[in-house]
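A closer look at the structure
This is what each chain is made of:
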Amino acid sequence: MARTPLMAGNWKLNLNHVEATGLVQKLAWTLKDFRYDQTKSEAAVIVPFTDLRSVQTIIEGDKLPLFWGAQDVSVHASGAFTGEIAADMLAKLNCSYVVVGHSERREYHGETDALIGQKAKVVFDAGMTPIICCGEVLEIRKAGTHVEYVLGQIKECLAPLTAEQVAAAVIAYEPVWAIGTGEVATPQDAQEVCGAIRGYVAEAFGEATAEAVRIQYGGSVKANNVVEIMGQPDVDGALVGGASLNADEFAKIVMFYAAGA
Ligand code: PGA
C-alpha cells in the first residue's frame, strides 16, 4: 500500500493566534490557486498551543484541506504539573498530530529517548498520531556513527509502542546540523538514514509495519530542494520549520508532487 506523504509545517515559537489565522487562510487560498490534490500529499500545521483553538476553528469552519497539531505534550494526564498540556486536551481540539522529541526539546529541555517514547504512547492513547523526531549532531555525523546513533534513539523511542502503533506513527529524521542552518542534507544522506530506520522497524516490528510507517526528513527543507528529497524511496514527507511560515513557499513544498507538471 502506498504511503501518503505528510508535509508538516513546524511553526516553533512563532505567530500569535491572530497571525496564525492569517497564515492558515493564506495557505489555504494558495493551495486552492495551485489546485492542491489532497490525495497526493497531506498537509499539516504544527502550531503553538495558544494557536490551536483558532486554527481548529478556521480549518473546520471553512473545511480547509489541512490537518493541525501540537509541538509537544506532557506524559501526565492531569494533576500538579504547572505549565504542562495533556494529550486529552489536544485530542479535544481535534489535533491529528503531536510532535514529540524535537531536537530543540531534547537540547533545551533535556528530553530523553525514554521520555519521548512515553510521550508517543500517550499521544496514541488519546487517539492522535505522534511525529517522533530523531537525528544526530554534527560531531556524530563527522565521526561517521550517525546511522547507529539514530537507530539507538529510535529503538528506545519506539519501545513502548505496539507494532500496530508503529505502523501508524510518523518518524521524522532531522539531522541537528541541518536544522535552521540552511545546511540541507543531501538526498542521499536523507535516504541513508530513513532507509536504515525502515530496516530497523522491519527487524523489530515486521515487514508490514515497516512498509506502513511514514518517515519524514527535516532540516532546511525549501521549495527548491524538496523535490529531490521526496524522490528518495524511504522519504515519506518533510518536517519543515522556517519555510512553513511563508504561505507561498510552504504551499510549493506541500505540492512537491506537481513540480515540473
Ligand atoms: P528548518 O527546521 O526547516 O527551519 O531547518 C526544521 C525543524 O526543526 O523541524
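Look up: the structure comes first, before these words.
Residues numbered from 1 in each chain as written. Predicted model: local features only at pLDDT ≥ 70, side-chain atom pairs only at ≥ 80, totals over all residues. Heavy atoms only, no water.

This part covers the nonpolar core. Core analysis: the biggest nonpolar cluster contains 75 residues, and Leu 158 and Ile 197 have the highest contact counts within it. Broken down by element, this core gets its largest block of residues, 8 residues, from helix α9 (residues 187-205). Dropping the residues within four chain positions of it, Leu 158 is found in contact with Ile 132, Val 166, Ile 171, Tyr 200, Val 201 and Phe 205. Membership of the second largest hydrophobic core comes to 11 residues, among which are Ile 46, Tyr 97, Ile 131 and Cys 133. (Core = buried A, V, L, I, M, F, W, Y, C linked by side-chain atoms within 4.5 Å. Buried < 20%, exposed > 50% of the residue type's maximum accessible area, 1.4 Å probe, protein only. Helix = DSSP H or I, 4+ residues; strand = E, 2+ residues; numbered from the N terminus. Contact = heavy atoms within 4.5 Å.)

Another point: the site of the ligand. If you check the shell around the ligand, you find 13 residues, and the closest are Lys 12, His 102, Glu 174, Gly 180 and Ser 220. In this structure, an oxygen atom belonging to the ligand sits 2.7 Å away from a side-chain N or O atom of His 102. One nitrogen or oxygen atom from the main chain of Ser 220 is found 2.7 Å from an oxygen atom belonging to the ligand. Relative to its unbound accessible surface of 290 Å², the ligand loses 97% to contact with the protein. (Near = heavy atom within 4 Å. Polar contact = N/O pair within 3.5 Å; in protein donor to acceptor, adjacent residues only side chain to side chain. Areas by Shrake-Rupley, 256 points an atom, 1.4 Å probe, with all protein chains shown as cover.)

Once that is clear, we can look at helix α12 (residues 247-254). All of the buried residues in α12 are Ala 247, Phe 250, Ala 251, Ile 253 and Val 254. Down the axis of α12, the buried side of the element spans an arc of 160°, and every buried residue falls inside it. Turning to α12, the residues buried within the fold contact β1 (6-10), α1 (17-33), β2 (42-47), α11 (226-230) and β8 (237-240). If you check the start of α12, you find a side-chain oxygen 3.0 Å away from the backbone N of Asp 248, and it comes from Asn 246. (Arc of directions from axis to C-beta.)

Looking now at the pattern of salt bridges. For the structure shown, the criterion picks out 16 salt bridges. Note that Glu 211 is salt-bridged to Arg 3, the shortest N-O span being 3.6 Å. With a gap of 208 residues between them, Glu 211 in helix α10 (residues 207-212) and Arg 3 in the segment before β1 connect regions that are remote in the sequence. According to the relative accessible area criterion, Glu 211 is partly exposed, its value standing at 43%. Overall, Arg 3 belongs to the partly exposed group, its relative accessible area being 22%. Between Lys 40 and Asp 37 there is a salt bridge, and its shortest N-O distance comes to 3.3 Å. (Salt bridge = Lys/Arg side-chain N within 4 Å of Asp/Glu carboxyl O.)

Burial runs high along β1: 5 of the 5 residues are buried. The alternating pattern of β1 places Leu 6, Ala 8 and Asn 10 and Met 7 and Gly 9 on opposite faces, both of which are buried. In terms of strand pairing, β1 meets β2 through 5 bridges, oriented parallel. Its bridge partner being in β2, Gly 9 is matched across the sheet by Val 45. With respect to chirality, the unit in which β1 leads through α1 into the neighbouring parallel β2 is right-handed. When β1 meets β8, the two strands line up parallel, connected through 4 bridges. (Pairing = 2+ DSSP bridges. Right-handed = clockwise from strand over helix to strand, strands pointing away.)

Position of Asn 225 relative to the elements: it lies in the loop between β7 (214-218) and α11. The exposure class of Asn 225 is buried, given its relative accessible area of 14%. Separated by 2.8 Å, the side chain of Asn 225 and the backbone nitrogen of Lys 222 make a polar contact. What Asn 225 contacts, discounting residues up to four positions off in sequence, is Val 184 and Ser 220.

As enumerated under the stated definition, the model contains 3 aromatic pairs in all. Considering the side-chain rings of Phe 67 and Tyr 97, the 6.4 Å spacing of their centres and the 75° angle between planes classify their relative orientation as edge-to-face. One end of the pair, Phe 67, is in strand β3 (residues 67-70); the other, Tyr 97, is in strand β4 (residues 97-100), with 30 residues separating them in the sequence. A relative accessible area of 5% places Tyr 97 in the buried class. (Phe/Tyr/Trp six-rings, centres within 6.5 Å; stacked < 30°, edge-to-face > 60°.)

Here we take up the pairing of β3. Consecutive side chains of a regular strand alternate in pointing toward one face of the sheet and then the other. Judged from the 4 bridges that link them, β2 and β3 form a sheet pairing that is parallel. Looking at β3, one finds that Val 45 is bridged to Trp 68. What joins β2 to β3 is helix α2 (residues 52-61), and the crossover it makes is right-handed. Note on the crossover from β3 through helix α3 (residues 87-92) to β4: the handedness is right-handed.

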